[in-house]
Amino acid sequence: MDATHILLDYGSGGKASQRLISELFLRHFDNPVLARMDDAAFLDIQGPLAMSTDSFVVDPVFFPGGNIGSLAVHGTVNDVAMLGARPLYLSCAFILEEGFELEKLERIVQAMGQAARDAGVSIVTGDTKVVPRGMADKIFINTTGVGTMLVAEHPSGHRAAPGDAVLVSGTMGDHGLAILAQREGLAFETPVLSDSTALNGLTERLLLEVGDIHVLRDPTRGGLATTLNEIAGQSGVGIELDEGAIPVTPAVRSGCAFLGLDPLYLANEGKLICILPEAKAEAALALLHADPKGAGARRVGTVAAANPGKVVLRTALGGKRLLNMLEGEQLPRIC
Amino acid sequence: MSIFDKFSDPELCKAVLDAIHRELDGELRFMEVCGTHTVAIFRSGLRSMLPPGVVHLSGPGCPVCVTHESEVGMYMDLAGRDGVIVATFGDLVRVPGPGGTCLKDAMAQGARVAVVYSPFDALTLARENPQATVVFLGIGFETTAPTVAATLQAARAAGVGNFQVLSFHKLVPPALRALLGDPELNLHALVMPGHVSTIIGLEPYRFIAEDFHLPAAITGFDPLDILQSLLDIVRQRKEGRAEVVNLYRRAVQDLGNPKAVAVMESVFTPADALWRGIGMIPGSGLALRPEYEAFDAQKTLGLTMAEAKPIPGCRCGDVLRGKLTPDRCPLFAKACTPAKPVGPCMVSTEGSCAAYYKYQLEM
């Protein structure tokens, strides 16, 4: 392509659009289903299926540890995986702002292609729209994923039961703080990287090798605190968390202290919460620890019958307090 | 374990907590002045571990909470004016003004509002937007005012004419004097603000002991800091002493930070100020000195302060004066929640109503 920036022509459906598709998307997403270039993807799969969709509007589009493209693949792959499914296919739709640099688009598309291959999924259908300058912020990406269910009784936020163990697969808050630091131009002594990654390999092994997984969730926006509150509400149970056991890197901890933020409310894009019967907890932890993506896994709490709908935090000092759901967004404080 | 970890070490904390349990002689009604302390006490779970005789009240040390309705009304009038960008710390964007709307609402309706992390970011914004007037909302206590003053010095030196400050800064000692002069206030001791004290030191608080005979301890924000301050005031009372002590020596010098004070005093001069729930307190605010008049948004933009009626039913004023715990306000957790705050004590992350709502297990 001769141009260096996205022009309105690229969304026209004409020759410019064709060039963008053939020279960019097809090259990085290469697979036989997409290559047929029909109006829809022909998929020969058997149900039951899981399906999820998400739109990615992250600012900045490039951040330490990833970019909007890899995030758009990881986010949807993980959502499908958390229901107990094997993600197979993704759609992706781009809304591009006129003037967005083609070189950046290529880096994003390349990262999407790589993320999809790493996760074992194919991007089989898509769409591109270009809007006039100022009508969108650089690039928005929507991805939809489908996958086949791996287990008959799938994990769900409604299945947490008193006595279950609550595990997390690693440190909390890395993605949220990485984005905030990049957006605000804040430099910490130790750089904070996003944890963006696909977790479908981990979830599949937990489901098939450990089994009887009651809940799988990825604590994205709102972080661990908000996700656990959702589960407590859906299941009508209380969740007791042990603050001292929740893994947070020293860099995230000190960055949050500096900004007046709480890492338990910051987004994660490469971590999962697993709630399962107490008897299975050790096996699940061993499985997680054997995988680099779960190496930092910890048991962080227990599901209880008391305080239904609430998450109670036992603090490092031994006191107890409520860990409420996030209201609005976390805002930096004055002093 | 690093030296800093020791200030939250459970074993050390337990030893001090045990001493408080052992030495407490009757009810101890203490007020922590600072909003960051309020949150630290809740977040660490300390509230649930203190002896029942310890009554914890929150004071007027949350800068968002004490910003008067009329002041909010003034900056809300400013937001949305042609050619104006309001630059503010994040806490303020959800504070409802007299009409019930906040800066977030104004942003949705097209007002240009920038959330910044430092007043210097607002100055940069002014440089990058020469066609606009960037007005930084100067809200905060002695902790914040020196940085705003330094930004104004930089703006003047660089001749950045489109940078303005709307100064609603407030000073802690005059407010404490006003508060302690209230005959209805039933307090035994004060936990003093660590951040403010790093700037002003210990001397401006002497009157608490000398005029009001109350023990007061300046302390930090880790659990051990707070527990040590409580143990100190328990002991002072037991021994019949009333002193202002500095237990935060790793950050606070008795004389404070004279350089920061000098910067603050070179730009600002004390002025009367309105405090939410308390009203006008003489000499408790900071106005720009005449030589900085060109940067004073109130003057250059012709802003006037309209009298704002208190919000019906909201008891934030009583909460700020230690007369009411948040859960006893009739609006608490019903009409007033963090999602739809009625009063500022529910808005600010450092507000006592928000802390009760967020952290208190039993209500």
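In this report, the structure presented in the accompanying data block is examined. Just so it is clear, the model here is predicted, and its values are computed rather than measured. Here the residue index of a chain counts from 1 through its sequence in written order. Lettering for chains starts from A, numbering for ligands starts from 1, and both go in the order in which the items are written. Residue-level local features of this predicted model are given only where pLDDT is at least 70; pairs of side-chain atoms are given and counted only at 80 or more, and the full residue set underlies all totals for whole chains, interfaces and linings. Note: side-chain values were computed over all heavy atoms of the structure, leaving out hydrogens and water.

Topic: the overall build of chain B
Definition in use: Per the convention used, a helix needs a DSSP run of H or I reaching at least four residues, while a strand needs a run of E reaching at least two, with both numbered from the N terminus. In this description the radius of gyration comes from C-alpha coordinates, and the expected globular size is given by 2.2 Å times residues to the power 0.38. Buried means the residue's accessible area, taken with a 1.4 Å probe over protein chains only, is under 20% of the maximum for its type, while exposed means over 50%, and partly exposed covers the values in between. In what follows, residue pairs with any heavy atoms lying within 4.5 Å of each other are defined as contacts. Note that accessible areas follow from Shrake-Rupley with a 1.4 Å probe, and for residues the cover is restricted to the protein chains shown. For this count, His and the chain ends are skipped, Lys and Arg are scored as positive, and Asp and Glu as negative. Here the site of a charge means atom NZ of a Lys, CZ of an Arg, CG of an Asp or CD of a Glu.
Check the secondary structure of chain B and you find 15 helices and 11 strands. In terms of overall dimensions, chain B is globule-like: its C-alpha atoms have a radius of gyration of 21 Å, near the 21 Å expected for 363 residues. Seen along its three principal axes, the alpha-carbon backbone of chain B occupies a region of about 65 × 45 × 45 Å. Buried positions account for 60% of the 363 residues belonging to chain B. Look at the contacts in chain B between residues 6 or more apart in sequence, and 77% of them connect residues 24 or more apart. Accessible surface, chain B: about 14,200 Å² in total, of which carbon and sulfur atoms supply 52%. Of the side chains in chain B, 33 bear a positive and 38 a negative charge, and the two mean positions are spaced by 3 Å.

Structural notes on the packing of helix H2 (residues 35-43) of chain B against helix H15 (residues 352-359) of chain B
All names here are of chain B. Let me state the cut-off plainly: To get an axis, a line is fitted to the C-alpha atoms, and for a helix only the part in contact is used. The angle between two axes follows their N-to-C directions and goes from 0 to 180 degrees. Note on angle classes: values under 35 degrees are labelled roughly parallel, values over 145 roughly antiparallel, values of 65 to 115 roughly perpendicular, and the remainder oblique. For a crossing to be left-handed, the near helix must be turned anticlockwise from the far one by less than a right angle; the clockwise case is right-handed.
At their nearest, the axes of H2 and H15 sit 10 Å apart, and the two run at 10° to each other. Taken together, H2 and H15 sit at an angle that is classed as roughly parallel. For the pair H2 and H15, the crossing hand works out as right-handed. Judged by residue contacts, Thr-38, Val-39, Phe-42 and Arg-43 of H2 engage Ser-352, Ala-355, Tyr-356 and Tyr-359 from H15.

Description of the packing of aromatic side chains
Quick reminder of the rule: Any pair of Phe, Tyr and Trp rings, taking the six-membered ring for Trp, is counted once the centres come within 6.5 Å. Such a pair is stacked with planes under 30 degrees apart, edge-to-face with planes over 60 apart, and tilted for the rest. Comment: the charge-over-ring label is applied if NZ (Lys) or CZ (Arg) is within 6 Å of the ring centre and within 35 degrees of the ring normal.
A complete count under the given rule lists 11 aromatic pairs over all chains for this structure. Relative to Trp-275 of chain B, the ring of Phe-141 of chain B lies with its centre 6.1 Å away and its plane at 20°, an arrangement referred to as stacked. One end of the pair, Phe-141 of chain B, is in the loop between strand S5 (133-138) and helix H6 (145-158); the other, Trp-275 of chain B, is in strand S10 (residues 268-275), with 134 residues separating them in the sequence. With relative accessibility at 3%, the residue Phe-141 of chain B sits in the buried group. Ring geometry for Phe-332 of chain B and Tyr-356 of chain B: centres 6.4 Å apart, planes at 90°, overall edge-to-face. Of this pair, Phe-332 of chain B sits in the loop between helix H13 (316-320) and helix H14 (344-347) while Tyr-356 of chain B is found in helix H15, placing the two residues 24 residues apart along the sequence. Note on Phe-332 of chain B: relative accessible area 7%, which makes it buried. The structure contains a cluster of three or more aromatic residues connected by ring pairs, namely Phe-42, Phe-332, Tyr-356, Tyr-357 and Tyr-359 of chain B. In this structure, Arg-107 of chain A is placed above the aromatic ring of Phe-62 of chain A, and the distance from its NZ or CZ to the ring centre is 4.1 Å. Taking the ring centre of Phe-7 of chain B as reference, the NZ or CZ of Arg-250 of chain B above it sits at 3.4 Å.

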